Amino acid sequence: MSDTIFTKIIAGEIPCHRVYEDELVLAFLDIGPLATGHTLVIPKEAAKTLDELSGESAAAIGRVLPGISRAVMHATGASSYNILQNNGADAHQEVMHVHFHVIPRFKDKQAGAGLGIIWKTQEINHDDASELAKKIRDQLS
Ligand code: 5GP
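If you're wondering where the values come from, they're calculated on a predicted model, not measured in any experiment. (Residues numbered from 1 in each chain as written. Predicted model: local features only at pLDDT ≥ 70, side-chain atom pairs only at ≥ 80, totals over all residues. Heavy atoms only, no water.)

Undergrad: How would you summarise the sheet that holds strand 5 (residues 100-105) if you had to cite specific residues and measurements?
TA: What the 5 strands build is an open sheet, ordered 1-2-3-5-4; its pairing is antiparallel. The open sheet has two free edges, formed respectively by strand 1 (18-21) and strand 4 (80-84), since each of these has just one partner strand. Averaged over neighbouring strand pairs, the angle between their axes works out to 15 degrees when direction is ignored. (Pairing = 2+ DSSP bridges. Helix = DSSP H or I, 4+ residues; strand = E, 2+ residues; numbered from the N terminus. Axes fitted to C-alpha atoms, helices over the stretch in contact; angles between N-to-C directions.)

Undergrad: Before we move on, could you go through the site of the ligand and cite the residues and values that matter?
TA: In the region of the ligand, 16 residues are neighbours, and Asp30, His92, Glu94, His99 and His101 sit closest. Contact between the ligand and His99: an oxygen atom at 2.7 Å from a side-chain N or O atom of the residue. At 3 residues, the largest contribution of residues to the shell around the ligand is made by helix 1 (residues 5-11). Looking at side-chain class alone, the shell around the ligand contains 8 nonpolar, 6 polar and 2 charged residues. (Near = heavy atom within 4 Å. Polar contact = N/O pair within 3.5 Å; in protein donor to acceptor, adjacent residues only side chain to side chain. Nonpolar A, V, L, I, M, F, W, Y, C, P; charged D, E, K, R; others polar.)

Undergrad: Requested: an account of the pattern of salt bridges, with residues and values cited.
TA: Within this structure, the stated rule accounts for 3 salt bridges. Arg18 serves as the salt-bridge partner of Glu21, at 3.8 Å between the closest nitrogen and oxygen. Since its relative accessible area comes to 38%, Glu21 is described here as partly exposed. With relative accessibility at 53%, the residue Arg18 sits in the exposed group. (Salt bridge = Lys/Arg side-chain N within 4 Å of Asp/Glu carboxyl O. Buried < 20%, exposed > 50% of the residue type's maximum accessible area, 1.4 Å probe, protein only.)

Undergrad: So what's going on with the packing of aromatic side chains? Residues and values would help.
TA: The final tally for this structure, using the stated rule, is 1 aromatic pair. Taking the centre distance of 5.6 Å and the plane angle of 80 degrees together, the rings of Phe6 and Phe28 count as edge-to-face. Placement of Phe6 in helix 1 and of Phe28 in strand 2 (residues 25-29) is noted, with a sequence separation of 22 residues between them. Considered together, Phe6 and Phe28 belong to a single accessibility category, that of buried residues. (Phe/Tyr/Trp six-rings, centres within 6.5 Å; stacked < 30°, edge-to-face > 60°.)

Undergrad: How would you summarise helix 3 (residues 126-140) if you had to cite specific residues and measurements?
TA: For an α-helix, 3.6 residues make a turn, and residues three or four places apart therefore share a direction. Over its 15 residues, helix 3 runs 21 Å from end to end, which matches the ideal 21 Å to within 8%, given 1.5 Å per residue. Where helix 3 starts, the residue carrying a side-chain oxygen 2.9 Å from the main-chain nitrogen of Asp127 turns out to be Asn125. (Expected span 1.5 Å × (residues − 1).)

Undergrad: Could you give an account of the environment of Thr76, with specific residues and numbers?
TA: Position of Thr76 relative to the elements: it lies in helix 2 (residues 55-76). On the basis of relative accessibility, which here comes to 24%, the residue Thr76 falls in the partly exposed class. Once the C-alpha coordinates of Thr76 and Thr36 are considered, the two residues, 40 residues apart in sequence, prove to be 7.0 Å apart. At 2.7 Å, the side chain of Thr76 forms a polar contact with the backbone oxygen of Val72.

Next comes the structure, spelled out in structure tokens:
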């Protein structure tokens, strides 16, 4: 995988507002926050998307994500938060190094900025769904 801006942040070649670091994980404030306290949690392993990440790094992120979310909530006074994790250009990923966004949400919505979510559902076809679920199970086995 080619280097990204996050590789340089991990190496300390580019500064960041660090909030957490251990052997496998780094967390820092997003430079273009969608809300005050918008934090990025990244593995030090250079994987492009979540499906390419090792179990060890994924577990390391899973271990610290709840605590980092809690800390961001308490430090900002947010009422809620979203965890956003984009994989691939069609999913709005711009930096091709796995990252989890912790995006605080406030009751007053912080006018003029923020995360917009369009949630347009479609009706499920149970025959297709049954076939698809089997296909996914087969991939997993
Ligand atoms: P994506 O769209 O790939 O899920 O999000 C990438 C995020 O990385 C964006 O929210 C963007 O603001 C953030 N970002 C890009 N470059 C830098 C940087 O140099 N420093 C920090 N702290 N965040 C960055």
